[in-house]
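What follows is each chain in one-letter form.
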Amino acid sequence: MQRFIRVDLVASRAPPAAVGGPLGWMRRNLFSSLANGLTTLLILGLLAWALPIALRFLVLDAVWTGASGDACRPEVAGRPVGACWAFIADKINYLAYGSYPAAERWRPNLAVALLALAAGWMLWLGAPRRDLGALFAFVAFPVCAYLLLAGAPSLGLPSVATGLWGGFLVTMVVAVVGIVVSLPLGILLALGRRSTLPVVRVLSTAFIEFWRGVPLITVLFMANVMLPLFLPGDITVDRLLRPLVGIALFASAYMAEVVRGGLQTVPKGQQEAAAALGLSQAQSLRLVVLPQALKVALPGIVNTIIGLFKDTTLVSIVGISDFIRVLEASRADPRWSAATIPATAYAFAALVYFTVCFGMARYAGFIERRLAAGERR
Amino acid sequence: MLFCMAPALAQNGPAQGTLAQVKARGHLVCGVSGGVAGFSIPDSQGQWRGLDVDFCRALAAAIFDDPAKVRFIPQSSAARFTALQSGEIDVLSRNTTWTLSRDTAAMNFPVITFYDGQGFLVRKSLNIASVKQLDRATICLQQGTTTELNLADWFRTRGLTYKVVTFANSEQTLGAYESGRCDAYSTDKSSLYGERLKTAHPDEHVILDEAISKEPFAPGIRQGDDPWRDLVAWTHYAMIDAEEAGISQANVEEMRRSALSPDVKRILGLEGKYGEGLGLTTDWAYRIIRHVGNYGDSFERNVGAQTPLKIPRGLNALWNQGGLQYGPPIR
Ligand SMILES: N[C@@H](CCC(=O)N[C@@H](CS)C(=O)NCC(=O)O)C(=O)O
């Protein structure tokens, strides 16, 4: 009998080079059209031009050790000099802690460790007892951190005036307080603005619109310079606390609008369904509405948080020694006068801010992918 | 508008004198600039150093016998007076020029601690030797300073024109100058020494010799507190009288043991009870010299020939050495 069907398989062959393999990948992703091809070439050209310069400046020609600016002068070093990391090394304690007394610097360190614990517990989705974690992050941690940083003479921790705090420590304090306050407050305000009670609604709306309507610089300036003029002479509010409150309220207003955006995407039917199931108002909010709303709002929330982190540097205009301010003050040190000191200082600042912000962005990306796993939109 | 109101609102001030407040608080609060090399700048450990800083340390030494009992709060040029008025700081020690209008705006300037004048930083490549050649130049300077007004006067009286760009702090001003936005950077000469060293290539810039104004720096205090005013003035006088009498931080212990001249004995509190009139102990000046040094010690340590700044003593030499620093006698 004649057989028309082939029974043995044809040996598989590699795909043609034009579709498979690295060449095919490049063709599909980098050179799929003339315009894309040109863009690719342009970007490659830019990289080829910039990367070696950056590498040479930041690493190859960099000076890593030295006791003064002399080490970073080409005529002393006897070679071209790039970034002067010796300067950062010399100033690192000041950059990290400001004028926080050297003997007490274990306290900010411990506070940061606690922060890492709180953040890890809250952010790692598979962690045990995440309800305890939230309690720790939003209640226990702030109290402990405050006692550690400001001191509690009754507990044997000498008090450290906030005027001595500085550098990255202050940047972290401002950012963390801003985040820890603005998240819950922002959610409350967003709910308030959608409330059916007119008083709550009007007050929330007024609050949000007021804080969104004034520039942060004005808020800080009012808080720091004008407030003491209006208070009676014997009442003083801590100098760091004033901008802290200002920033926290300011961020809350923005956060509220982001959360409200999320709330508006939850169809009314969800709430009605929850009610039909016999869930109370609070339960439906906590179990049905908020989880969906926050999921949608997440990119906006992270956006606000990253913006907040970078905005903290504005406190320097009211005399708070934040990270950028101490970097500038370090740069004024005549012992460290050398050609590449300014560039080094700004490169370091960029590196630090980028690391923190990129870290937050990556984490948010991870959460988003996880939350979207059910939908793949 | 609020700013104009500030001096009027000002007298929130202490019902109690500043000295009593400072003693009760346990430390002095001192307004300084946020980073003028040699005058007030934090070192790598976050300790404030400089001539203006030393002045506050001397005050703290006189009051508490401890130069560490002082908190420094950096102030911008624009906000410094408000900070003083609002009671935020006890004394403003921040390269601040004593002028009539500032003096009458509810402030006092008890004593001149540093004699300076307004100068110009220019690029060497411009080949400028005198300020007159800056006709039609663009000049960078800092808001809320005497610099702005001096410049207007000087150029107007000479029929020269110029353009001015102002900034809120020295970083921005220097940044603008370096990036070529201005032909010259003008401020107090003493600050320019440090600013020049902050540029990427200090050798490419020069400070013109001329000074176009008088800038007498004085610590500022709130008006109407005479005991505090005395103390602030005499803290500086003690430092120059000590220098004149040859008492320095290095030899003060030795002098105290073997002092013969009545002058030295009075300064060191071995004779008379002069400190008590100031509300302090008799050894107040000894404390200052022991902890901070005399004026020359502080000058050399912070801005003198041994430092990168190398500011000449000039007008700030003692009166008997060709300068203007003259302390009334302690007696
Ligand atoms: N002596 C002048 C100028 C004082 C002044 O503010 N100088 C600037 C120019 S360098 C300064 O100290 N800036 C330091 C800062 O902004 O932190 C005045 O009293 O108005």
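Rules used throughout
Residues numbered from 1 in each chain as written. Chains lettered and ligands numbered in written order. Predicted model: local features only at pLDDT ≥ 70, side-chain atom pairs only at ≥ 80, totals over all residues. Heavy atoms only, no water. Helix = DSSP H or I, 4+ residues; strand = E, 2+ residues; numbered from the N terminus. Rg over C-alpha atoms; globule rule 2.2 N^0.38 Å. Disulfide = S-S within 2.5 Å. Contact = heavy atoms within 4.5 Å. Buried area = accessible area lost by both parts, 1.4 Å probe. Salt bridge = Lys/Arg side-chain N within 4 Å of Asp/Glu carboxyl O. Polar contact = N/O pair within 3.5 Å; in protein donor to acceptor, adjacent residues only side chain to side chain. Domains from an automatic or database assignment. pLDDT = per-residue confidence, 0-100. Buried < 20%, exposed > 50% of the residue type's maximum accessible area, 1.4 Å probe, protein only. Pairing = 2+ DSSP bridges. Right-handed = clockwise from strand over helix to strand, strands pointing away.

Participant: In this structure, what is going on with the overall build of chain A? I would like to understand it.
Facilitator: When its secondary structure is counted, chain A shows 14 helices and zero strands. Ordered by position from the N terminus, the helices and strands of chain A form the series α-α-α-α-α-α-α-α-α-α-α-α-α-α. By the compact-globule yardstick of 21 Å for 377 residues, chain A is too spread out, its C-alpha radius of gyration being 28 Å. Principal axes of the C-alpha set define a box for chain A whose edges measure 110 × 80 × 40 Å.

Participant: Where do I start with the state of the cysteines in this structure?
Facilitator: Between two cysteines, a covalent bond joining their sulfur atoms is known as a disulfide. All names here are of chain A. Enumeration according to the criterion identifies three disulfides over all chains in this entry. Residue Cys72 pairs covalently with Cys84 via a disulfide, S to S 1.9 Å. Taking the torsion about the sulfur-sulfur bond, which here is approximately 65°, the covalent link between Cys72 and Cys84 counts as right-handed. Of the two residues, Cys72 sits in the loop between helix 2 (34-60) and helix 3 (74-77) while Cys84 sits in the loop between helix 3 and helix 4 (85-97), which places them twelve residues apart along the sequence.

Participant: Sorry, what's going on with the interface of chain B and chain A here?
Facilitator: For interface size, the figure often reported is the accessible area lost on association. Residue-level contacts link 29 residues of chain B with 34 residues of chain A. Summing both partners gives a buried area of about 2900 Å² for chain B against chain A, and 59% of it is carried by carbon and sulfur. Inspection of the chain B/chain A interface yields three salt bridges. The residue Arg325 of chain A makes a salt bridge to Glu171 of chain B at a minimum N-O spacing of 3.2 Å. Where chain B packs against chain A, one counts ten residue pairs in polar contact (both at pLDDT 80 or more). Mapped by element, the contributors of at least two residues to the side of chain B that touches chain A are helix 1 (2-9), strand 2 (41-42), strand 4 (70-75) and helix 8 (189-198) of chain B. Among the elements that line the side of chain B that touches chain A, the one with the most residues is helix 1 of chain B, at four residues.

Participant: Even after reading the chapter, I still don't get the domain arrangement of chain B, so can you show me in this structure?
Facilitator: All names here are of chain B. Considered domain by domain, chain B is made up of domain 1 (16-115 + 216-318) and domain 2 (118-213). On a C-alpha basis, the centroid separation for the pair domain 1 and domain 2 is 29 Å. Listed as interface residues are 19 residues of domain 1 and, on the opposing side, 13 residues of domain 2. Of the roughly 1100 Å² buried at the junction of domain 1 and domain 2 (both faces included), carbon and sulfur atoms supply 54%. Looking only at domain 1, the three residues that lose the most surface to domain 2 are Ser77, Leu309 and Ile311, adding up to 31% of its buried area. The interface formed by domain 1 and domain 2 contains zero salt bridges.

Participant: Please explain the confidence of the model for chain B as it appears in this structure.
Facilitator: All names here are of chain B. Of the residues in chain B, 95% have a pLDDT of 70 or more, and the chain-wide mean is 92. Low pLDDT, under 50, characterises residues 1-14; the predicted model gives this stretch 19 contacts beyond four residues in sequence or across chains. In the predicted assembly, ipTM is 0.81 and pTM is 0.85.

Participant: Can you help me understand the pairing of strand 9 (residues 137-142) of chain B in this one?
Facilitator: Each regular strand carries side chains that alternate between the two faces of the sheet. Residues and elements named next belong to chain B. Among the six residues that make up strand 9, six are buried, leaving the element largely enclosed by the rest of the structure. Here strand 9 shows two buried faces, one formed by Ala137, Ile139 and Leu141 and the other by Thr138, Cys140 and Gln142. Across six bridges, strand 9 lies against strand 10 (residues 162-167) in parallel orientation. Bridging from a neighbouring strand, Leu141 pairs with Thr166 of strand 10. Regarding topology, helix 6 (residues 146-157) serves as the crossover connection from strand 9 to the parallel strand 10, and that connection is right-handed. Of the strand pairs in this sheet, strand 9 and strand 11 (residues 184-188) are connected by two bridges, and their pairing is parallel. Paired with Ile139 across the strands is Ala184, a residue of strand 11.

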